[in-house]
Amino acid sequence: MTTACAALPTQSKPAPAGSIPVRPDTRLGTTTLILVTITVLGWASAFPAIRLGLTGFGALELGALRFGIAAVPAALFLAITRPALPGWRDAWRFAFGGVVFVALYTALLNLGQRTVPAAAASFIINVNPILTALLAMAFLNERFGLYAWLGTALSFLGVGFIAVGKLGGFEFDSGILLVLGATFCTAINSIVQKPLFARHKPLTVAAWNIVIGALMLSPVLADGIAQMQAASTDAIFAAVYLAAIPSFVVYGTWAMVLARMPASRATNMLYAVPPVATLIGWLWLSELPTTLGLIGGALALGGVVLVNVKR
């Protein structure tokens, strides 16, 4: 779910004793590329999965089931690894991730997708890299170069082609506002949690996000379990799939990507999500991509390449 040529400040404070310093990659290495690929594939598949899940569950109930299931292996990971509890200066950042990046984001996106189709939602979510870049420049001293802006514009144009091509245009409604709210949750979380990766392992951050988010959504978990009695097999599979891949696996890979790369560059990689979501929707839901959708996918991927190669 969301830009290159960004650089960290030239002067940085030494990491505190016992910390786990992580230097963002200046090049897109093999390991980082694999993590990015898993993240893009996982989050792209979430849009059709949410669409299927909403046929059998309420928006909040689907979110509660998704992270209620994902929280089980996440909690086991924390119990086995027993990471040190964060100090007060980091505790609020962990809480922010669970409350905003998981619970609030999921609630807003699911509520929005009741009226906003998956293709349009993936387009709106991809405003995220621009929001993140602006926040990163303001709070993390990251920088934008000419190719970064050009690549961002090209990718944004591409996802716009995908949305218009699949929908024939869409009108502005409350659902779009809800998805925009989810986008802002992702952007601001990237800025808030970025400092954690200098002192904590990425998988630890991701696990706490999932557990805290699941606790926030737990008041409607019982209703979600009750709705399983009448839900179709496809809807139940979608809920379990959302828990396993886009949640448990991808929240972990995204944390590792964010730890390895500047926040603005990392979120720019998510511009690849809409064209991949279009392909997955075709294979999974038999939604045939339009000519405009294929052109938009090529533009979106081209923008990612421009931003991350021509530096």
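Nothing here was measured: the structure is a model prediction, and the numbers come from that model. (Residues numbered from 1 in each chain as written. Predicted model: local features only at pLDDT ≥ 70, side-chain atom pairs only at ≥ 80, totals over all residues. Heavy atoms only, no water.)

### Description of the packing of aromatic side chains
(1) Moving on: In the structure shown here, the tally under the stated rule is ten aromatic pairs.
(2) Moving on: Seen in terms of ring centroids, W92 and F96 are 6.4 Å apart; in terms of plane orientation they differ by 80 degrees. Their pairing is edge-to-face. Of this pair, W92 and F96 both sit in helix α3 (residues 88–112), four residues apart, which is roughly one turn of the helix.
(3) Moving on: Here the aromatic rings of Y241 and W284 are separated by 5.6 Å at their centres, their planes lie at 75 degrees, and the arrangement is edge-to-face. A residue pair is termed long-range when its members are at least 10 positions apart, and Y241 in helix α10 (residues 233–260) and W284 in helix α12 (residues 273–285) qualify at 43 residues. (Phe/Tyr/Trp six-rings, centres within 6.5 Å; stacked < 30°, edge-to-face > 60°. Helix = DSSP H or I, 4+ residues; strand = E, 2+ residues; numbered from the N terminus.)

### Regarding the packing of helix α5 (residues 128–139) against helix α7 (residues 174–193)
Two quantities define a packed helix pair, namely the angle between the axes and the distance from one axis to the other.
(1) Moving on: Between α5 and α7, the least distance of the axes is 9 Å, while the angle of their chain directions is 30 degrees. α7 is crossed by α5, and the crossing has right-handed handedness. In this structure, α5 contributes N128, L131, T132, L135, A136 and F139 to the contact, and α7 contributes T183, F184, T186, A187, I188, S190 and I191.
(2) Moving on: Split by residue class, the contact of α5 with α7 holds eight nonpolar, five polar and no charged. (Axes fitted to C-alpha atoms, helices over the stretch in contact; angles between N-to-C directions. Left-handed = near helix turned anticlockwise from the far one by under 90°. Contact = heavy atoms within 4.5 Å. Nonpolar A, V, L, I, M, F, W, Y, C, P; charged D, E, K, R; others polar.)

### A look at the environment of N128
(1) Moving on: Here N128 lies in helix α5.
(2) Moving on: Note on N128: relative accessible area 0%, which makes it buried.
(3) Moving on: For the pair N128 and L180, spaced 52 residues apart in the sequence, the C-alpha separation amounts to 9.0 Å. (Buried < 20%, exposed > 50% of the residue type's maximum accessible area, 1.4 Å probe, protein only.)

### Quick notes on the side chain of S190
(1) Moving on: By the secondary structure assignment, S190 is in helix α7.
(2) Moving on: Owing to a relative accessible area of 1%, S190 belongs among the buried residues under this scheme.
(3) Moving on: A polar contact is formed between the side chain of S190 and the backbone oxygen of T186, at a distance of 3.1 Å.
(4) Moving on: In this structure S190 touches T132, W254, L258, A263 and T267, once residues within four positions along its chain are discounted. (Polar contact = N/O pair within 3.5 Å; in protein donor to acceptor, adjacent residues only side chain to side chain.)

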